[in-house]
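Architecture at a glance
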Amino acid sequence: MPAYNSVFNTADPPPRLVGNFPLFPLRTKLRGPVYPLPFPDPPLPAHESPDPSSESYDILDEVLALFRANTFFRNFEIRGPADRLLVYGIWFISDCLTRIKPHASLREATKEVQNLALDLNFAIPGDPGWPLNQMYEPPRDRQDAEVLRQYMSQVRQELATRLLARVYDEGDDKPSKWWLSFTKRKFMGKGL
């Protein structure tokens, strides 16, 4: 059985690409290089995603939905630009989950995960520390590299916020054991 690919690969209009990394619009209040999507009306709880047919559904909802299923695969065929963001999102979620301790409160986990998300010293495609440089094109120039770094920072912060809402959806005393059971798994045998 093949891994699950992104439904955003056939997005119309196609997203702006930096190298071959897509800049999809996100449902967020954080500032960044892409326009924000509208929030659902009526508002949803923080641990829920809008319906995939909704205009509020974004690529980060899909990353969170496909994380657990795709984590089991060692091979992944990239079929479009959205799959590159899906792979990055899955790696970042894995990295976040390793920072959450099994008995950590929501406050402690938020501190750890937000520090990881806010850290601006991370690799982008083309950097020597990037895990799959053969599948990602580097940005053309410094300006594109800065736009990509801003977008990836925005993705990291929003993904961290949504992940914490799901891991602690039953209360702020203990994380969900179902999410933490994926801390030892590495998607494609790699990580950030």
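The name given to the protein in an unreviewed UniProt entry is Actin-related protein 2/3 complex subunit 3, with the source organism recorded as Humicola insolens. Under the UniProt heading Function (unreviewed entry), the entry covering the protein gives this text: "Functions as component of the Arp2/3 complex which is involved in regulation of actin polymerization and together with an activating nucleation-promoting factor (NPF) mediates the formation of branched actin networks." A UniProt comment under Subunit (unreviewed entry) is attached to the protein, and it reads "Component of the Arp2/3 complex."

Let us look at the nonpolar core. Judged by nonpolar contacts, the single largest core of 54 residues is most densely connected at Ile-59, Leu-97, Ile-100 and Tyr-151. Residue assignment for this core shows that the elements contributing at least two residues are strand 2 (21-23), helix 1 (59-70), helix 2 (81-99), helix 3 (106-118), helix 4 (142-167) and helix 5 (177-180). Top contributing element to this core by residue count: helix 2, with 11 residues.

In this structure the tally under the stated criterion is eight aromatic pairs. An angle of 35 degrees between the planes, with centres 6.2 Å apart, marks the rings of Phe-21 and Tyr-136 as tilted. Taken together, the residues span a long stretch of sequence, with Phe-21 in strand 2 and Tyr-136 in the loop between helix 3 and helix 4 at a distance of 115 residues. Each of the two residues, Phe-21 as well as Tyr-136, counts as buried. With a centroid separation of 5.9 Å and 15 degrees between ring planes, the pair formed by Phe-67 and Trp-179 is classed as stacked. Pair noted here: Phe-67 is in helix 1 and Trp-179 is in helix 5, with a separation of 112 residues, a long-range link. This pair shows no difference in class: Phe-67 is buried, exactly as Trp-179 is. An aromatic cluster is built from Phe-21, Tyr-88, Trp-91, Trp-130 and Tyr-136, whose rings are joined through pairwise contacts. Across the ring face of Phe-122, the terminal group of Arg-149 is positioned such that the distance to the ring centre comes to 5.2 Å. The residue whose ring lies beneath Arg-156 is Phe-122, and the NZ or CZ to ring-centre distance is 4.3 Å.

This paragraph deals with the pattern of salt bridges. Side-chain pairs of opposite charge can arise whenever the charged atoms involved come near each other. Considering all chains together, one arrives at eight salt bridges under this definition. In this structure, the salt-bridge partner of Asp-58 is Arg-162, at a minimum N-O distance of 2.8 Å. Of this pair, Asp-58 sits in the loop between strand 2 and helix 1 while Arg-162 is found in helix 4, placing the two residues 104 residues apart along the sequence. Per residue, the accessibility class of Asp-58 equals that of Arg-162, and both read buried. A salt bridge links Arg-79 to Glu-77, with the nearest nitrogen and oxygen atoms 3.6 Å apart.

Cut-off values and rules
Residues numbered from 1 in each chain as written. Predicted model: local features only at pLDDT ≥ 70, side-chain atom pairs only at ≥ 80, totals over all residues. Heavy atoms only, no water. UniProt positions renumbered as here; feature names shortened; annotations may be inferred. Core = buried A, V, L, I, M, F, W, Y, C linked by side-chain atoms within 4.5 Å. Buried < 20%, exposed > 50% of the residue type's maximum accessible area, 1.4 Å probe, protein only. Helix = DSSP H or I, 4+ residues; strand = E, 2+ residues; numbered from the N terminus. Phe/Tyr/Trp six-rings, centres within 6.5 Å; stacked < 30°, edge-to-face > 60°. Lys NZ or Arg CZ within 6 Å of the ring centre and 35° of its normal. Salt bridge = Lys/Arg side-chain N within 4 Å of Asp/Glu carboxyl O.

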